[in-house]
Amino acid sequence: MGLENIILGFHIAITPFNLFVAVIGITLGTIIGVLPGLGGANGVAILLPLTFRMPPTSAIILLTSLYWGALFGGAITSVLFNIPGEPWSVATTFDGYPLAKAGQGGQALTAAFTSSFVGALFSTVLITFFAPILADVALKFGPPEIFAIQMLTFSSFVGLGGGDPLKSLVSILLGFILAAVGLDIVTGQLRMTFGSTELMTGFDFIVAVIGLFGIGEILLTVEEGLEFHGAKTMMNLRVVLDTWKILPRYWRTFLRGSIIGFWMGFKPGGATPASFMSYAFAKQASKHPERFGKGELEGVVAPETAAHAAGVAAMLPMITLGIPGSPTAAVMLGGLIIWGLQPGPLLFTEKPEFVWGLIASMYTGNIIGVLMVLAFVPFFAAILRIPFAILTPLIVVVCAIGSYAVHNNMIDIWYMLIFGVIGYVFKKLDYPLAPLVLALVLGDLAENALRQSLIMSQGSLAIFVTRPIAGVITAVALFFFLMPLLRPWWRRARGVPAAVPSPREP
Amino acid sequence: MRAANLVTACVLLLLGGIAIFDSVRLGIGWGTDGPKSGFFPFWLSLLLLAMCGLIIVQAARRASAKPFVSREQLRPVLKVLWPATAMVVLTQVVGLYVASALYLGFYMRWVGRHSWLAVVALSIGVPIATFLVFEKWFLVPMPKGPLEAWLGY
């Protein structure tokens, strides 16, 4: 660890070819991020075969740039169309879309991109300087700690989500149960397939996301008539500069979001819960919590900072430990092996030019990224001028393509339609969708962590309480889970009349 | 709204029941190498049943005058849903490219009332562009039908 390492990295990252590769990656990534359903993980997977003949460092720069681009692109559809391109953009829609509808799409987008950049920069700086220390901490995490962290994530949906706690729990449980469908990789048994070969592969969360958020959202939007409510946006240098003048006001939200994002990010599936946690904390800390959900700029800053910080932090365990922190990082890890590199701590000593080139490219990639998306928003805003009767079938076709591309399986297109209807019904009945998707993503990981913990403890649940780190996390998680029960009790104890339940997240 | 809430909770209750049934078949106890396959789904489903039960009790008590969906709202929703379903059925028969051409053309003419020129241009141009991007550029194969086979793909 030293200054000479990062200088070496920059020497590699700013060669003309690698800068060119970063620009290509960000352009493609932003387009992929804008198209609902074609997210970072697919995008990286789709592009992976094209990198086999490239030098590994350029290849990883291409894929990570694609990932940054997808992270930026997700914000565009969330703000302008109310369609989150990625699960971690869901929280951005809460305030981004109302802002865009009120004619402040330019401000919302500038805030989103700037927050993304700040979050990413924060994580990159931390990765640069604290990678070895944080790797040590993460190394101490055993299965009980991982399971406890996952419970903490879900408990925050129930305790801080603001919706009906029963329905939040049902969404979580349904997600976990759907994740269990198919082959159980530990015992090799088929679960809940009832003899159907189609069900053997289970339900992929990407298909679920495309259906629930993509198709479901379209169905919900057209209720008000066959028009697409893509908000108009004014984006020019003046809007950007004016927004930049306001943003320093939210420095606390930036800092909180960055820290939450980094902390959640190096664990699998961290970006989505990080964005929700950051949003919930910003709302609780705000002097005007009632403005959240109606178009508060801070409500865009909080989730975007955390999501991007988490997205970058997901690279940390991949390069230091060889453990992917996100589905996208998992695909990149596969790439590393194909390029003939051994993922893990040895990379730092054996391939310093690769590791430090990658770290330096995180700086250059995000700087190029934020400037490019700010400059080319008018290009993306052109999507808004496409008439509804063209855009709807286009989105449905792109969703179908995205669903099919996951496993090259026709059944996934059907699942997408079914998830679309489920998403429509659930949203109307106030069942939150994000915990369902998150449970579907984390299902196998959580189950494995639980299994390994129980094996360690010979079947006793006490292991989640007696280990010091796990114990603290479990206690906080339990507190959040029980919060809906404690809240009326607490109010009565303080002599405050039971208030009307807070309005749900849109 | 009340009826929709009750029906949804009952469907979820049924799903939970099915999951419990299968979990018990797989074994919910302790196997030779840790918890059996049914252990995790069993407890999840049991919790799901309990939560749905509570939701049903809650929903049954609460009267709601607001309908789940009005006739005026349902019509445009179905106008999106059934062509999309038809597109998926067509994809299975003639492949994604032809299906998306027919779907796009039909939708543009029927809902958007765009001119025939725009309809034909886009419904042929978009699938070709899709083909070039995915099949050629990204090397992602899509479901194909007789037309692609006739063209040699």
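Residues numbered from 1 in each chain as written. Chains lettered and ligands numbered in written order. Predicted model: local features only at pLDDT ≥ 70, side-chain atom pairs only at ≥ 80, totals over all residues.

The helix and strand tally for chain A stands at 21 helices and two strands. Counting the 506 residues in chain A, one finds 58% classified as buried. When contacts within chain A are restricted to residue pairs at least 6 apart in sequence, those whose partners lie at least 24 apart make up 78%. (Helix = DSSP H or I, 4+ residues; strand = E, 2+ residues; numbered from the N terminus. Buried ≥ 20, exposed ≤ 12 C-beta atoms within 10 Å, placed from the backbone. Contact = placed C-beta atoms within 7 Å.)

Scanning chain B for helices and strands turns up six helices and two strands. Whereas a compact globule of 153 residues would reach a radius of gyration of roughly 15 Å, chain B reaches 24 Å, over 25% beyond that. Dimensions along the principal axes, computed over C-alpha positions, put chain B at roughly 60 × 55 × 20 Å. Within chain B, counting contacts between residues at least 6 apart in sequence, those at least 24 apart form 54% of the total. (Rg over C-alpha atoms; globule rule 2.2 N^0.38 Å.)

Turning to the packing of helix α18 (residues 410–428) of chain A against helix α3 (residues 71–94) of chain B, a few remarks are in order. Between α18(A) and α3(B), the least distance of the axes is 10 Å, while the angle of their chain directions is 175°. On the basis of their axis angle, the class for α18(A) and α3(B) is roughly antiparallel. Contacts between α18(A) and α3(B) involve M410(A), I413(A), W414(A) and L417(A) on the former and, on the latter, A84(B), T85(B), V88(B), T91(B) and Q92(B). Its residues placed into classes, the contact of α18(A) with α3(B) shows six nonpolar, three polar and no charged. (Axes fitted to C-alpha atoms, helices over the stretch in contact; angles between N-to-C directions. Parallel < 35°, antiparallel > 145°, perpendicular 65-115°, else oblique. Nonpolar A, V, L, I, M, F, W, Y, C, P; charged D, E, K, R; others polar.)

Turning to the interface of chain A and chain B, a few remarks are in order. Taken together, the contacts link 48 residues of chain A with 52 residues of chain B. Elements that contribute at least two residues to the side of chain A that touches chain B include exactly α7 (165–180), α8 (205–222), α17 (388–407), α18 and α19 (434–456) of chain A. Residues of the side of chain A that touches chain B, tallied by class, amount to 35 nonpolar, six polar and seven charged.

For chain B, the domain assignment lists domain 1 (2–61) and domain 2 (71–151). A separation of 39 Å is found between the C-alpha centroids of domain 1 of chain B and domain 2 of chain B. (Domains from an automatic or database assignment.)

On to the confidence of the model for chain B. Residues and elements named next belong to chain B. Overall, the prediction assigns chain B a mean pLDDT of 86, with 99% of residues at 70 or greater. At the level of individual helices and strands, chain B shows its lowest average pLDDT in strand β1 (residues 30–31), which scores 79, and its highest in helix α4 (residues 96–110), which scores 90. For this predicted complex, the interface score ipTM comes out at 0.92, alongside a pTM of 0.72. (pLDDT = per-residue confidence, 0-100.)

Running from N to C, α7(A) and helix α2 (residues 39–61) of chain B point in directions that differ by 150°, and their axes come no closer than 9 Å. With respect to α2(B), the element α7(A) is oriented roughly antiparallel. You can see that α7(A) and α2(B) cross each other, and the crossing is left-handed. Each of L166(A), K167(A), L169(A), V170(A), L173(A), L174(A), F176(A), I177(A) and A180(A) in α7(A) lies in contact with α2(B), whose residues at this interface are F40(B), P41(B), L44(B), S45(B), L47(B), L48(B), M51(B), C52(B), L54(B) and I55(B). (Left-handed = near helix turned anticlockwise from the far one by under 90°.)

This part takes up the environment of E4(A). Position of E4(A) among the secondary structure elements: in helix α1 (residues 3–13). The spacing of E4(A) and W356(A) is 352 residues in sequence and 10.0 Å in space, taken between C-alpha atoms.

Below, the discussion takes up α18(A). Under the 1.5 Å per step criterion, the end-to-end length of α18(A) is 28 Å for 19 residues, consistent within 8% with the ideal 27 Å. Note on α18(A): the residue one or two positions beyond its end, D430(A), has a positive phi of about 70°. (Expected span 1.5 Å × (residues − 1).)

Turning to the nonpolar core, a few remarks are in order. Across soluble globular proteins, you tend to see nonpolar side chains buried next to one another. Counting 186 residues, the largest nonpolar core has V170(A), L173(A), M416(A) and V437(A) as its most contacted members. Counting residues per element, this core draws most heavily on helix α5 (residues 90–139) of chain A, at 18 residues. Here this core gathers at least three residues from each of two domains, domain 1 (2–61) and domain 2 (71–151) of chain B. Once residues within four sequence positions are removed from consideration, V170(A) is found in contact with Y431(A), L12(B), L48(B), M51(B), C52(B) and I55(B). (Core = buried A, V, L, I, M, F, W, Y, C linked by C-beta atoms within 7 Å.)

With that settled, consider the environment of G369(A). Residue and element names in this part refer to chain A. In this fold, G369 is placed in helix α16 (residues 352–381). Through-space distance from the C-alpha of G369 to that of F194 is 48 Å; in sequence the pair is 175 residues apart. Dropping the residues within four chain positions of it, G369 is found in contact with I26, W68, G69 and F72.

Once that is clear, we can look at the environment of L220(A). Residue and element names in this part refer to chain A. One can find L220 in helix α8. We classify L220 as partly exposed; it has 18 C-beta atoms within 10 Å. With 153 residues separating them along the chain, L220 and V373 place their C-alpha atoms 29 Å apart. With sequence-adjacent residues up to four places away left out, L220 is seen in contact with Y424 and K427.

Another aspect to go through is the confidence of the model for chain A. Residue and element names in this part refer to chain A. Of all residues in chain A, 82% attain a pLDDT of 70 or more, and the chain-wide mean is 78. Across chain A, the secondary-structure element scoring lowest on mean pLDDT is helix α3 (residues 40–47), at 64, and the one scoring highest is α18, at 90. Low pLDDT, under 50, characterises residues 497–506; the stretch is placed with twelve contacts to residues that sit more than four places away or in other chains.

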